[in-house]
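This is what each chain is made of:
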12 protein chains.
Amino acid sequence: MPRLLVLHGPNLNLLGKRDPEVYGERSLKDISSELEAWAREKGLELEFLQSNIEGDLIDNLQKAEGVFGGVVFNPGGFSHTSVALRDCISAIEVPVLEVHISNIHAREQFRRHTLTGEVSRGIITGLGVDGYKLAILQLAELI
Amino acid sequence: MPRLLVLHGPNLNLLGKRDPEVYGERSLKDISSELEAWAREKGLELEFLQSNIEGDLIDNLQKAEGVFGGVVFNPGGFSHTSVALRDCISAIEVPVLEVHISNIHAREQFRRHTLTGEVSRGIITGLGVDGYKLAILQLAELI
Amino acid sequence: MPRLLVLHGPNLNLLGKRDPEVYGERSLKDISSELEAWAREKGLELEFLQSNIEGDLIDNLQKAEGVFGGVVFNPGGFSHTSVALRDCISAIEVPVLEVHISNIHAREQFRRHTLTGEVSRGIITGLGVDGYKLAILQLAELI
Amino acid sequence: MPRLLVLHGPNLNLLGKRDPEVYGERSLKDISSELEAWAREKGLELEFLQSNIEGDLIDNLQKAEGVFGGVVFNPGGFSHTSVALRDCISAIEVPVLEVHISNIHAREQFRRHTLTGEVSRGIITGLGVDGYKLAILQLAELI
Amino acid sequence: MPRLLVLHGPNLNLLGKRDPEVYGERSLKDISSELEAWAREKGLELEFLQSNIEGDLIDNLQKAEGVFGGVVFNPGGFSHTSVALRDCISAIEVPVLEVHISNIHAREQFRRHTLTGEVSRGIITGLGVDGYKLAILQLAELI
Amino acid sequence: MPRLLVLHGPNLNLLGKRDPEVYGERSLKDISSELEAWAREKGLELEFLQSNIEGDLIDNLQKAEGVFGGVVFNPGGFSHTSVALRDCISAIEVPVLEVHISNIHAREQFRRHTLTGEVSRGIITGLGVDGYKLAILQLAELI
Amino acid sequence: MPRLLVLHGPNLNLLGKRDPEVYGERSLKDISSELEAWAREKGLELEFLQSNIEGDLIDNLQKAEGVFGGVVFNPGGFSHTSVALRDCISAIEVPVLEVHISNIHAREQFRRHTLTGEVSRGIITGLGVDGYKLAILQLAELI
Amino acid sequence: MPRLLVLHGPNLNLLGKRDPEVYGERSLKDISSELEAWAREKGLELEFLQSNIEGDLIDNLQKAEGVFGGVVFNPGGFSHTSVALRDCISAIEVPVLEVHISNIHAREQFRRHTLTGEVSRGIITGLGVDGYKLAILQLAELI
Amino acid sequence: MPRLLVLHGPNLNLLGKRDPEVYGERSLKDISSELEAWAREKGLELEFLQSNIEGDLIDNLQKAEGVFGGVVFNPGGFSHTSVALRDCISAIEVPVLEVHISNIHAREQFRRHTLTGEVSRGIITGLGVDGYKLAILQLAELI
Amino acid sequence: MPRLLVLHGPNLNLLGKRDPEVYGERSLKDISSELEAWAREKGLELEFLQSNIEGDLIDNLQKAEGVFGGVVFNPGGFSHTSVALRDCISAIEVPVLEVHISNIHAREQFRRHTLTGEVSRGIITGLGVDGYKLAILQLAELI
Amino acid sequence: MPRLLVLHGPNLNLLGKRDPEVYGERSLKDISSELEAWAREKGLELEFLQSNIEGDLIDNLQKAEGVFGGVVFNPGGFSHTSVALRDCISAIEVPVLEVHISNIHAREQFRRHTLTGEVSRGIITGLGVDGYKLAILQLAELI
Amino acid sequence: MPRLLVLHGPNLNLLGKRDPEVYGERSLKDISSELEAWAREKGLELEFLQSNIEGDLIDNLQKAEGVFGGVVFNPGGFSHTSVALRDCISAIEVPVLEVHISNIHAREQFRRHTLTGEVSRGIITGLGVDGYKLAILQLAELI
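The model shown is predicted, which means the values in this text are computed figures rather than measured ones.

**Q** Describe the overall build of chain A, naming the residues involved and giving the relevant values.
**A** A count of helices and strands for chain A gives 5 helices and 5 strands. Secondary structure elements in chain A, listed N-terminal to C-terminal, are β-α-α-β-α-β-α-β-β-α. Since a compact globule built from 143 residues should have a radius of gyration of about 15 Å, the 14 Å found for chain A is in line with a globular shape. With the C-alpha coordinates of chain A rotated into their principal frame, the extents come out at 40 × 35 × 25 Å. Out of the 143 residues in chain A, the part that is buried amounts to 63%. Within chain A, counting contacts between residues at least 6 apart in sequence, those at least 24 apart form 77% of the total. Looking at chain A as shown, the accessible area adds up to about 4900 Å², and 46% of this sits on carbon and sulfur atoms. Of the side chains in chain A, 14 bear a positive and 20 a negative charge, and the two mean positions are spaced by 2 Å.

**Q** Hey, could you go over the relation of the copies chain B and chain A for me, with residue numbers and the actual values?
**A** At an RMSD of 0.0 Å, chain B and chain A line up after a rotation of 180° and a shift of 0.0 Å along the axis. When the rotation and shift are considered jointly, the pair of chain copies conforms to a two-fold rotation axis. When each C-alpha of chain B is compared by its distance to the rotation axis, B:Ile124 comes out closest, at 2.3 Å.

**Q** Describe the arrangement of the chains, with residues and values.
**A** No interface is formed between chain E and chain G, the nearest pair of C-alpha atoms being 28 Å apart. Left apart from each other, chain D and chain K have a closest C-alpha approach of 11 Å.

**Q** Go over the relation of the copies chain J and chain L with me, naming the residues and quoting the values.
**A** You can overlay chain J on chain L at an RMSD of 0.0 Å; the transform is a turn of 180° with a shift of 0.0 Å along its axis. Most of the interface of chain J is mirrored in chain L, where 100% of its interface residues are also at the interface.

**Q** Account for the side chain of D:His100, with residues named and values stated.
**A** Residues and elements named next belong to chain D. Looking at the secondary structure, you find His100 in strand S4 (residues 96–100). For His100, a relative accessible area of 6% translates into the label buried. Within the structure, the side chain of His100 is placed 2.6 Å from the side chain of Glu98, a separation counted as a polar contact. When residues no more than four places from it in sequence are discounted, the contact partners of His100 are Asn74, Pro75, Gly76, Ser79, Ile123, Ile124, Thr125, Gly126 and Leu127.

**Q** I'd love a proper account of the sheet that holds strand S4 (residues 96–100) of chain K, names of residues and values included.
**A** The 10 strands lie next to each other as S2(H)-S1(H)-S3(H)-S4(H)-S5(H)-S5(K)-S4(K)-S3(K)-S1(K)-S2(K), forming an open sheet whose pairing is mixed. Because the sheet does not close on itself, it has two edges, and the strands there are strand S2 (45–50) of chain H together with strand S2 (45–50) of chain K. Taken over all neighbouring pairs, the strand axes of this sheet differ in orientation by 20° on average, direction set aside. Bridge count between strand S4 (residues 96–100) of chain H and strand S5 (residues 122–125) of chain H: 4 bridges; the pairing is parallel. Bridging from a neighbouring strand, H:Glu98 pairs with H:Ile123 of S5(H).

**Q** If you had to explain the pattern of salt bridges to someone new, which residues and values would you point to?
**A** Summed over all chains, the structure comprises 100 salt bridges over all chains. Across the pair G:Arg86 and A:Glu108 runs a salt bridge whose closest N-O atoms are separated by 3.7 Å. A residue pair is termed interchain when its members come from two chains, as with G:Arg86 in helix H4 (residues 83–91) and A:Glu108 in the loop between strand S4 (96–100) and strand S5 (122–125). Here A:Glu108 falls in the partly exposed class, since its relative accessible area comes to 26%. Of the charged contacts in the structure, one is a salt bridge between K:Arg111 and I:Asp87, with a shortest N-O distance of 2.9 Å. A residue pair is termed interchain when its members come from two chains, as with K:Arg111 in the loop between S4 and strand S5 (122–125) and I:Asp87 in helix H4 (residues 83–91). When salt bridges with common partners are traced through the structure, they connect A:Arg86, A:Asp87, A:Glu118, B:Arg112, J:Glu108 and J:Arg111 into a single cluster.

**Q** Lay out the interface of chain B and chain A with the relevant residues and their values.
**A** Listed per partner, the contact involves 23 residues of chain B and 23 residues of chain A. Between chain B and chain A lies a buried interface of about 1900 Å² when both sides are counted; carbon and sulfur atoms form 53% of it. Here chain B and chain A share 2 salt bridges between them. A salt bridge links B:Glu118 to A:Arg112; the nearest nitrogen and oxygen atoms lie 3.4 Å apart. Connecting chain B to chain A are 15 residue pairs in polar contact (both at pLDDT 80 or more).

**Q** So what about the packing of helix H3 (residues 54–64) of chain B against helix H4 (residues 83–91) of chain B? Which residues, and what values?
**A** Two quantities define a packed helix pair, namely the angle between the axes and the distance from one axis to the other. All names here are of chain B. Direction vectors running N to C along H3 and H4 enclose 0°, while the axes themselves pass 10 Å from each other. In terms of their interaxial angle, H3 and H4 are classed as roughly parallel. The segment H3 lies against H4, with Glu54, Leu57, Ile58, Leu61 and Gln62 engaging Ala84, Leu85, Cys88 and Ile89. For the contact of H3 with H4, the class distribution of residues is 7 nonpolar, 1 polar and 1 charged.

**Q** Tell me about the interface of chain J and chain L, and please be specific about residues and values.
**A** Size of an interface, as often reported, equals the accessible area lost when the parts are brought together. The interface of chain J with chain L comprises 23 residues on the first partner and 23 residues on the second. It is J:His105, J:Ile123 and J:Gln138 that lose the most area in chain J upon contact with chain L, and together they represent 27% of the buried surface on that side. Across the chain J-chain L interface, the total number found is 2 salt bridges. Along the contact surface separating chain J from chain L lie 15 residue pairs in polar contact (both at pLDDT 80 or more). Among the elements of the structure, strand S5 (122–125) and helix H5 (130–142) of chain J are those that each provide at least two residues to the side of chain J that touches chain L.

**Q** Explain the sheet that holds strand S3 (residues 70–74) of chain L to me, using residue names and the numbers behind them.
**A** Reading across from one edge, S2(J)-S1(J)-S3(J)-S4(J)-S5(J)-S5(L)-S4(L)-S3(L)-S1(L)-S2(L) is the order of the 10 strands in this open sheet, with mixed pairing throughout. Of all strands in the sheet, those with a lone pairing partner are strand S2 (45–50) of chain J together with strand S2 (45–50) of chain L, marking the two edges. Direction aside, neighbouring strands of the sheet carry axes that sit 20° apart on average. Of the strand pairs in this sheet, strand S1 (residues 3–8) of chain J and S2(J) are connected by 6 bridges, and their pairing is parallel. Residue J:Leu5 lies in a different strand from S2(J), and its bridge partner there is J:Glu47. On top of the sheet, helix H2 (residues 28–41) of chain J reaches S1 and S2 of chain J; it is set at about 160° to S2(J), its chief contact. Each of strand S1 (3–8) and S2 of chain L touches helix H2 (residues 28–41) of chain L; the most contacted strand, S2(L), lies at about 160° to it.

**Q** Residue-level account of unusual backbone geometry, with values.
**A** Residues and elements named next belong to chain F. The residue Asn11 is not glycine, and still its phi comes out positive at about 75°. Tracing the chain through its elements places Asn11 in the loop between strand S1 (3–8) and helix H1 (20–23). Since its relative accessible area comes to 1%, Asn11 is described here as buried.

**Q** Describe helix H3 (residues 54–64) of chain E, and please don't skip the residues or the numbers.
**A** Those residues of H3(E) that fall on the buried side of the exposure criterion are E:Glu54, E:Gly55, E:Leu57, E:Ile58, E:Leu61, E:Gln62 and E:Ala64. Where H3(E) is buried, its residues touch H3 of chain B, helix H3 (54–64) of chain C together with strand S1 (3–8), strand S3 (70–74), helix H4 (83–91) and strand S4 (96–100) of chain E.

**Q** Before we move on, could you go through the confidence of the model for chain A and cite the residues and values that matter?
**A** Averaged over every residue, the pLDDT of chain A is 94; the share at 70 or more is 100%. Under the prediction, the complex receives an ipTM of 0.93, its pTM being 0.93.

**Q** How would you sum up the packing of helix H5 (residues 130–142) of chain E against helix H5 (residues 130–142) of chain I? Please name residues and give values.
**A** Put simply, H5(E) and H5(I) touch, their axes get as near as 10 Å, and they point 145° apart. As for the relative orientation of H5(E) and H5(I), their crossing is right-handed in sense. Facing E:Asp130, E:Leu134, E:Leu137, E:Gln138 and E:Glu141 of H5(E), the residues of H5(I) in contact are I:Asp130, I:Leu134, I:Leu137, I:Gln138 and I:Glu141. Residues belonging to the contact of H5(E) with H5(I) are distributed by class as follows: 4 nonpolar, 2 polar and 4 charged.

**Q** Explain the side chain of L:Ser82 to me, using residue names and the numbers behind them.
**A** Residues and elements named next belong to chain L. As for its position among the elements, Ser82 is in the loop between S3 and helix H4 (83–91). At 2.8 Å, the side chain of Ser82 forms a polar contact with the backbone nitrogen of Leu85. When near neighbours in sequence (up to four residues on either side) are disregarded, Ser82 contacts Glu54, Leu115 and Thr116.

**Q** Tell me about the pairing of strand S5 (residues 122–125) of chain B, and please be specific about residues and values.
**A** Alternating residues of S5(B) divide into B:Gly122 and B:Ile124 and B:Ile123 and B:Thr125, and every residue in both groups is buried. Where S5(A) meets S5(B), 3 bridges bridge the pair, whose relative direction is antiparallel. If you follow A:Ile124 over to S5(B), its bridge partner there is B:Ile124.

**Q** Break down the pairing of strand S4 (residues 96–100) of chain C for me, with residues and values.
**A** All names here are of chain C. Taking burial as the measure, the 5 residues of S4 include 5 buried ones, the bulk of the element. Because side chains alternate across S4, one face comprises the buried residues Val96, Glu98 and His100, and the other comprises Leu97 and Val99, equally buried. Pairing of strand S3 (residues 70–74) with S4 involves 3 bridges; the strand directions are parallel. Paired with Phe73 across the two strands is Glu98, which belongs to S4. Considered for its hand, the β-α-β crossover made up of S3, helix H4 (residues 83–91) and S4 is right-handed.

What counts, and where the lines are drawn
- Residues numbered from 1 in each chain as written.
- Chains lettered and ligands numbered in written order.
- Predicted model: local features only at pLDDT ≥ 70, side-chain atom pairs only at ≥ 80, totals over all residues.
- Heavy atoms only, no water.
- Helix = DSSP H or I, 4+ residues; strand = E, 2+ residues; numbered from the N terminus.
- Rg over C-alpha atoms; globule rule 2.2 N^0.38 Å.
- Buried < 20%, exposed > 50% of the residue type's maximum accessible area, 1.4 Å probe, protein only.
- Contact = heavy atoms within 4.5 Å.
- Areas by Shrake-Rupley, 256 points an atom, 1.4 Å probe, with all protein chains shown as cover.
- Lys, Arg positive; Asp, Glu negative; His and termini not counted.
- Charge placed at Lys NZ, Arg CZ, Asp CG, Glu CD.
- Least-squares fit on C-alpha atoms with pLDDT ≥ 70 in both.
- Polar contact = N/O pair within 3.5 Å; in protein donor to acceptor, adjacent residues only side chain to side chain.
- Pairing = 2+ DSSP bridges.
- Axes fitted to C-alpha atoms, helices over the stretch in contact; angles between N-to-C directions.
- Salt bridge = Lys/Arg side-chain N within 4 Å of Asp/Glu carboxyl O.
- Buried area = accessible area lost by both parts, 1.4 Å probe.
- Parallel < 35°, antiparallel > 145°, perpendicular 65-115°, else oblique.
- Nonpolar A, V, L, I, M, F, W, Y, C, P; charged D, E, K, R; others polar.
- pLDDT = per-residue confidence, 0-100.
- Left-handed = near helix turned anticlockwise from the far one by under 90°.
- Right-handed = clockwise from strand over helix to strand, strands pointing away.

Structure representation (C-alpha cells):
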C-alpha cells in the first residue's frame, strides 16, 4: 500500500486554537484522523509528523527518500524565510507538494511568496483542510 | 446536475503548441474533452470558455452568477496585472478557484504574485492539467 | 444643449451589488437616471456608457472628440494599470475629468496612484455618487 | 446659517505671486472674497485661515470641532509629509474635504500621495479655484 | 510574394493628431500607404491592422502564424504592461519585430522596459516612421 | 525632589477623544493628574507640556537641559518624520526616553521606525498609559 | 504567587562576554539571580529559560499557556527574521512582552523592525537589564 | 549698503554645544559676530535669524522679498523633509543659497538629498563656518 | 562621399570568440570588411574604431563632430553604467545611433536600461550584425 | 597539535546527492576523510560536525571557544537569513572563516549577500572542496 | 607661492559648446585663463588638467600629493558612478574640494548623490564658474 | 614553469599608504616581492600588473589568454561597477580568481556585490595579502 508523509511545520500543532476563523476549529489530531481514514479508503497509508524546529523538518524530509512515495508539506511560517528548507526540497527526489490552509496571497505582504514552494511540485493554498486531500490525491496519482 | 464554468484566459487556446515542455502537448480541446468526460462520471456538468480579452473574461465572470455553481479560472497572464479582474472576482458571489498549469512561484519574478488570486477562494499551481481536476473536485464539494 | 459623456470602466455595472458599504446600494441604472434628471434641470444632456473592455473605453474616448463637450470618466481598476488609456486621454483634446467613488488614497497600496489621472484635467475621489455631480458642474463651466 | 472653515496651509498666502501659470494670478484675498460672496448667495458663511505652521493648522482643525459644519482644507506641501496632520484629521469628527489647486498626480513623484487625504472625506485636485467651490457645495450637502 | 503583417496597438490610429512634435504629422493611413508602396517596390506585400483591444492584438498575432512571414509590431502602451501579449509572442513561431516611433528610453520611467520586447526578435526605437522600414527590411531578410 | 518633564507631541491633547479603542478613554488632563499623584508618592515631581508645533517641542527639549533630570517624550506623529527633533535629542544631554501608547510595530508601515527613537535612551511602546509610568521609574533610577 | 516566564533567545547565554560595552558585563546567571530576588520581594515568582533553537522557543511559548501569567521574551536575533515565532505569539493567549537590551532602532538597518514585536503586547528596548524589570512590573499589573 | 539675511533652521542655536567635533566649538552668537564684522569690512550688512519652527522660517523667507538682496539659508534637518520650505523658496524671487556646515553626502542616508537645495541657487556643504563666508561672497556678487 | 564612424566599445574586439551562440562566429574584422563593402555599394564610406577605454570612446565621439556625418555606436557594457558617455553624446551634435547585437531587454536585469541610449537618436537591439546595417541606412538617410 | 573545527550547516550532509553538477559527487564523509588525511600531513587535527538545526550550530560555535584554534564554517542556506548565527560569530573570539562550495555571487539573488560572512574573518566562495583546504591553511597560519 | 590643481573630468573640455544655457558660453580655456589671472592676484598659482579617462584622473590625484596644496575637482559624470575615484580621494591626503557647475540636486535622479563627494572636504554646487573661485579661496585658506 | 598573472585594479598602487589599518602597511612592491619569492619556491612564475584604467585591465585580461595559466585579479572599486570587466572575464577562457584584501561583505552597502565576481571561478575576500597566496595555490592546482 503506497505510503505518504504528511509533514507539518511550526505552530500547526495549535490547529483548533489559533485563529479558528482562519484555520478552522478542529485540532491537528482530529484532522489527521479524518485524513487517515479517508486515505485508507482510497488505499493509501499516511504518516504524520509535526515539528516546530526547522532542522527537524529538514531531517525528516531527507529521511523520507526511499521510504515514502511523496510528501504533503505545510511548512507554515518557514515557507517565507527558509533558504535551508528550500535547498533541502530541491536536493531530494521524493516529490513534495506544498499545502497552505489559508490563502497566502490574501494576507500580509510577507506571506505572498514561498521560497519552499519555488522548488515544490505544486502549491495548493486557501482551501482549508481540503487542500491536504487534494494534495494526497495528486501524489497518489504520481506514484 | 451541478454545473461549473471552466474559464481560460489569454493564450490558453495555444495549449499544445506553446512551450510543450512546460504546458504539455495536448490541445485545449483535448483537455476539455477529457475533463468533461471525467466530470460527467462524477455527476458534474462543465462548460468551457476561453478569451484573450480581459473585458470578456470580466463579462463572463459577472454572468456566471446564478448560472454556475462555481468557476475554475485560469487567468493566464492577467493574474499578475489586472486590477479589474481582481475587482470583479471580489464583487461577485459565485465561488472562483484559480488554477495555474505551471508553478508560478518557480518562474519569472513578475509571475510570483497573483492579484486575482488575492480574492479567489484558493489557488492550485504547478500540477498541470490535474490542477483543473482538483479544483473541480473542490468546487463540487462546496456546492 | 451642451452634451457630456459619462463613461464607466470595468465592474461599475455591478454598482449596488459590489461592496455596498463602499459603493452604496443603488444600481448604475438608478444612479444614471438620477444624474440625467439632475443634469437636465441644469440644462445639460448626459450620455452614459459602460464597458469592461479597456480598448472599448479607448475607442469611446477617441470618438467623444467633437461630439461631447467633456467626459466624466471613472476608469475603475484600469486607472492604476493602463498606459494605453493614459496615452489616449493625453492624445485627445476633449476635457476629461476623472471620478472615483471611493477614496483611492485610503485603500490598498496599488490604488494610490492613477496613471489616467496624471493626464486628466482633475480628479475627484471619495465623494461617492456626488463626485459625478461635481464633475458635471465643473465640465459645464468649462464649456 | 451653516458655517464652513476654509483652511489654507503653507505658501498659499503667496497665491498670485507663486508660479502664476500653475496657480493663477489672483491673490488669496481676492479668491477668498469671491468665494465668500459666492457662498453667501448659497446661504453659507465661510471663515478663512492660512498658516505656514503645521501645529497652527492642527490647532485650528481641533478647534473647528463643534464650531464649523465642515472644513475645506488645502494642506499644501504638508499633505505629503505630515503624519501629525493626518492623525489630527482622523481624530476629529468634523468632516474635512481636501482640495489641491494643481493636479498632484501630474507633478513631482513626491506629490503623488497625500497622507492627509488618506483620512479625509474626499479629495478634489487639479480644478484650480473651482475645486474650493465644489468642496463647499459638497460639505453644504453633508450638513 | 512574401507577406508581412504590420500590427499597431492602442492609440496609433491617432497618429498625426497625437503629440505631432513627438509622433509626426502624418496619419496612420498616410504612413501605411507610403510603407505599402515602398515595400511593393522591394517585392513585399504588407497588411495593416490596428486595434485598441489587447485581446484583439493577441488574436491577430496567433492568426498570423502560417499566414505571414513576419510581424512588425508596435504594441504602444501595452508594451510596458501586458504579460498576456508577452506570453503570446513567446508562444508563436512567426518572427515578431518590435518598433517604437519615439525613443522609449528617453521618456517617462514606466516606458523604459518593454515586456513584449523581452521575447521579440529585436527592437527598433526612436527612429520615427523609418523604424518600420528598417523592421520590414530585416524581416524580409529573415524569410 | 527630582523633577522630570513629561512632553507630549501633536494630537495627544485629544486623548480620550481620538480612537478610544486604541488610546483609551481618559483625557490628557486625567492621565497627567494620575501620573502626578503616582509620581509624588515615589518622591518625584513631574511637569507636563503638550504642543502641536514641532519647533515648540524642540525649544522645550533644549530648555530642559539643566532644569529637569530627564524627559519622558511621546513625539506622536513627529517620531516618524522629524529629522529636526532627532537632531535636537541627539544634541542635548538630558536623558530622553520615548514612549508610545500604542504598539508602533503593529500599525501602519510608516509608523514602524522612529527617527527620534534612534537617538533616545530607550523606547517603550504598546503599554498604554503604563508606558509613562515605566519610563518615569526608569529615569528616576538614572538620576 | 503569580509566576512569570523569562524567556531568552539565541546568544543571550553569552551575556557578559558579548560586546560588554553594549550588553553590560554581567552574565545571564547573575542577571537572573538579581531579577529573581528583586521579583520575589514584589511577590512574584520567575522561571528562566534560554535556547538557541527557534523551535524550542516556540515549544516553550506554547507550553507557557495556562502555566504562567505572562512571558517576558527577548527573542534576540530571531525578532527580525522569524515568521514562525510571530505566528506562535499571535496564536497563544498568554500575554507576551518583548524586551531588547540595546536600542534596536539605533543599530543596523536589519534590526529596526521586529516581526515578533508586531504581535506582542508591547516592546521595551534600549534600557539594558532594567528593561526586564519594567516588563515584569507591567505583566504583574496585567495578572 | 547691501543687506543679506543669514537664516538658521532648527538646532543651529545649539552650535558649540552639539557634536563639537562635527560642528565646531563656537556658539551661533560668536559665529554671527565674526561673520558680521567680516562682512562689514566687505561693505555688506548682515541680519541674523534662527528658528526651530518650520513655519517661522517660511514666514521669514517670504518677508525677505524686497528687504534683503539675498538669503544665506541653513535649513538644518528641514532640508531633508520639508516640501513646504521647498515650495516657499521656489515661490519667492530673492536669491537663496543653501549652506550646510557638515558634508551632507558623508553622513546618514537620510541626509544625502536636500529638498530645499533642489530649488536653491546653489549649495555649499562640508566647509564648516567658512561655507557661510563663501555664500555671502557669492550673493554679494549677484546683487 | 558621406562618411560614418562605426564605434565599438569594450570587448567587441572579442567578437567571434565571446559567446558565439549569442554574438555569432565572425570576428570584428570580418564583420567590418563586410560592412565596408556593403556600404561602399550604397555610396557610403565607413571608418571603424574599437576601444576598451571609456575615455577613449568619449574622445572619439568628441572628435567625430564635423568629420563624420553620423556615428553608429555600440557602447557594450558601458551603456548601462556610464554617465560620462551619456553626457558626451548629449553634448555633441553629430547624430549617434546606438546598436546592440543581442536583445538587451531579454538578458540580465542590469542590461535592460541604456543610459547612453537615453540621449541617442534611436536604438536597434537584438538584430545581430544586421543591426549595424539598419543603423547605417538610417544615418545615410539623415545626412 | 593544533585543532580546527570544520562545521557544516543544513543539507551539507547531502553532498554527493544534491545537484552533483554544482556540488560534486563525493559524499560529506569522503570529503571529510580526505581533508582529515590532508590536514594530518600538515600537522593539523580536524573535527567535523554537521547539523541542520540553526541553534545546534550556534551551540557548537559557542562551545568551540577555548577548544579549537579556529572554525571553518559553511553555514549553507543559513548564511543568507540568520541574524542569530551572525550575532553568535560576532560574539565569540575564536576565528571563523566562511566557505561556500559554489560561487554565491553567481546564483540566485537571495544568495548574494551573507549575513554570517559580514562578521567572519574572511570568505572563500566558488572553489569547491578546495575552498576548505585554503581555509584550513589560512587558519593554521593564524594560530 | 601656493599651488593648486584644478582638475576637470569627462566632457568638461566641451564647456561653451555643451548645453550653454546650463553651463555657460565660455570655453574651458577662457575660464581657465580667467581663473588663473584672478588667482595670481590673490597670490596663488593654478595648474589645469582635464581628462575623459577615469584612470587618468586617479593617476593625477595620486600624483598631486606633495606637489599641490589642494585640488579643486569637478569629476563630471564620474561623481555618480566611480567607486574607484572615491577610493582614491579617500586614500590620499591632499585636500580635495568638489565643484559642480550646475546644481546636482535639481537635475536627473541619478545626479543627486555624489560618491566622490562623500569623501571630499566639501562640495560646492550650482554656482557656475564662481564655484571654482569659492573653492580656490577655501583651499587657499586651508594651506 | 607555470606562469600566473597577478592583476591589480585602481588604487592598489597606494597599498601601504591607504587606510593601513584596513589594507596593511606594506607597499604593493613589497608584497609583490614576497609573493614572487614565495611562488618561486613552489615552482610558479608570477607577473605583476597594476592599472587605474578600466580599459587597460580589460586589455590585459584579453592578452592573458594563451600566455598565462591563470589570473589572480583584484579589481578594486571596479568590482562593483564595471559591466565591461564582467563581460571581459566571461568572454575569455583563462581562469580568473578574484581576491579582495578586505571583507567586502563587512563594509559599505555598495561593496557587497561584485559584478566581476559573478563570472570569476571563485572569490577570496577578507584575508589580507594571504588571499593572494591562497588564490595562487588554487590556480596552480587547476593548471
